Amino acid sequence: MLESTVAAIRPLDETAMAAARELQGRLTKPAGSLGALEPLSVRLAGLAGTCPPPLPEPAAVAIFAGDHGVHAQGVTPWPQEVTAQMIANFVAGGAVVNAFARQAGASVTVVDVGVATPLPVEPTADPAGPRLVAANVRPGTRDLTVTAALTRDEARAAVETGIRIAGELVDAGAGILLTGDMGIGNTTPAAALIAAFTGVDPAAATGRGTGVDDETYARKVGVVRAALDRHAPDPADPLGVLAAVGGLEHAALAGFVLGAAARRVPVLLDGVIAVSAALAAAAFAPDAVGAMVAGHRSAEPGATAALRHLGLDPLIDLGLRLGEGTGALLALPVVTGAVRVLHEVATFDSAGVAEK
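Source: prediction; values computed, not measured.

Draft legend 1. Geometry of the packing of helix 3 (residues 37–48) against helix 14 (residues 326–344). Across the interface, helix 3 lies against helix 14 with an axial gap of 9 Å and an inter-helix angle of 75 degrees. Our classification of the angle between helix 3 and helix 14 gives roughly perpendicular. Along the contact surface, helix 3 presents L37, L40, S41 and L44, while helix 14 presents V334, V335, A338, V339 and L342. The residue makeup of the contact of helix 3 with helix 14, split by class, is eight nonpolar, one polar and no charged.

Quick look at the structure:
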């Protein structure tokens, strides 16, 4: 599945992008006056292969959840059981992501791809509310400071879970996919992934996550550095990088991005977990970047390093660091607006407005 998905990913359609640029130039507004929305609309036309591109709706957010053996190194004060407890909160509709999804009219799918503790809720396919999918590859990763977090087969299984979920959501009618995540301690493997793929120093890739104190932050940087020194992950081998220092939710998100790109559907990235996974997706298939839209700039410093490496500019910057998919959901109306302009704004000719 991974190989066939990567093989299906193609460059953006230059003819459709040229048509979108030409149309932007004829709309009743000064050229360039919509700033970043204009090149975004052009890129989405190239992804769809038509101008104007389809409106990015309905929206579907997938929250991939997993736990981490590196939790034993004291990189976060939060107990690991919170991952499973938050899944119950997502399914009950009580988390921030649920509130934002209701506001945006987006569906929510929660995927247990690697939670270590028993879930307090059962898998459900309730179309009226959040859906929980059981796809546990293993109960959390191994401690990446001691051994590889995952085997290559486990990493592949998680990537292919993400591909499958993307395909299911697109087949169900989703016009845009949004990334979400949950996993206590998951900013530590995210920092390791970012440092591995971009080459930045671990201190520049590592943030405070849930708001750790100075002592815990220093320990966290040391853990990331030790993991990279131990495994020396090769960025030309993205599956190997995910196996060595990644998380199950990171690997699944990489697959989710690849699945969206293969289906020519935009994928709206959330925060640092999503962009660390997007680096892996881009290493598998560089043209996958054409399907990526950076929803926001996470307060985690590694997110900025990852976005710079991907060549993506975030749509909003609100100092968010919650995860779950919250920043992507807040950016969703911006993406929809960029496309709606091409559908609904009159041209100078059709409106009888004089050009300069």
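Still more to cover.
Draft legend 2. Structural view of the pairing of strand 1 (residues 59–66). Within strand 1, eight of the eight residues are buried, which leaves the element mostly enclosed by the surrounding structure. Residues A59, V61, I63 and A65 line one face of strand 1 and the alternating positions A60, A62, F64 and G66 line the opposite face, and both faces are buried. Pairing of strand 1 with strand 4 (residues 176–182) involves seven bridges; the strand directions are parallel. Bridging across to strand 4, A60 finds its partner in L177.

Draft legend 3. Structural detail: the pattern of salt bridges. According to the stated counting rule, one finds 16 salt bridges in the structure shown. In this structure, the salt-bridge partner of R340 is E344, at a minimum N-O distance of 2.6 Å. Of this pair, R340 and E344 both sit in helix 14, four residues apart, which is roughly one turn of the helix. Looking at E344, the relative accessible area reads 52%, which means it is exposed. Overlapping salt bridges bring together E3, R156 and E160 as one network.

Draft legend 4. A look at the environment of G93. On the secondary structure map, G93 appears in the loop between helix 4 (82–92) and helix 5 (96–104). Judged by relative accessible area, G93 falls into the buried class, the value being 14%. Considering only alpha carbons, one finds G93 and V108, 15 residues apart in sequence, at a separation of 9.3 Å.

Draft legend 5. View of the packing of helix 7 (residues 187–198) against helix 13 (residues 301–310). Interhelical geometry of helix 7 versus helix 13 gives an angle of 35 degrees and a closest axis separation of 10 Å. Along this stretch, helix 7 crosses helix 13, giving a crossing that reads as left-handed. The segment helix 7 lies against helix 13, with I194, F197 and T198 engaging G302, A303, A305, A306 and H309. Taken together, the residues of the contact of helix 7 with helix 13 break down into five nonpolar, three polar and no charged.

Draft legend 6. Here's a closer look at the nonpolar core. Grouped together as the largest cluster of nonpolar side chains are 114 residues, with contacts concentrated most on L177, L178, L242, F256, L268 and M292. Broken down by element, the residue count for this core peaks at 11 residues, all from helix 12 (residues 272–284). M292 has contacts with R43, V257, V267, L269, A278, A281, A282, L310 and L312, leaving out every residue within four places of it along the chain. L23, L27, V42 and A45 belong to the second largest nonpolar core, which has eight residues in total.

The rules behind these values
Numbering of residues starts from 1 in every chain and runs along the sequence as written. For a predicted model such as this one, the threshold for reporting local features is a pLDDT of at least 70, and the threshold for listing and counting side-chain atom pairs is 80 or more; totals across whole chains, interfaces and linings nevertheless cover every residue. Excluding hydrogens and water, the side-chain values take into account all heavy atoms of the structure. Working convention: axes come from line fits to C-alpha atoms, limited for helices to the stretch in contact. Angles between N-to-C directions cover 0 to 180 degrees. Numbering of helices and strands starts at the N terminus; helices are DSSP runs of H or I of at least 4 residues and strands are runs of E of at least 2. Should an angle fall under 35 degrees it is taken as roughly parallel, and over 145 as roughly antiparallel, whereas 65 to 115 is taken as roughly perpendicular and any remaining angle as oblique. Contact definition: two residues touch when any of their heavy atoms are within 4.5 Å. Gly falls in the polar group here, along with every residue not listed as nonpolar (Ala, Val, Leu, Ile, Met, Phe, Trp, Tyr, Cys, Pro) or charged (Asp, Glu, Lys, Arg). Note on classification: 1.4 Å probe, protein chains only; a residue is buried when its accessible area is under 20% of the maximum for its type, exposed when over 50%, partly exposed between these limits. Between any two strands, pairing holds if DSSP finds at least two bridges. Should a side-chain nitrogen of Lys or Arg be within 4 Å of a carboxyl oxygen of Asp or Glu, the pair is scored as a salt bridge. Left-handed describes a crossing whose near helix is turned anticlockwise from the far helix by less than a right angle; the clockwise case is right-handed. In these notes, a set of buried Ala, Val, Leu, Ile, Met, Phe, Trp, Tyr and Cys residues joined through side-chain atoms within 4.5 Å is what counts as a nonpolar core.

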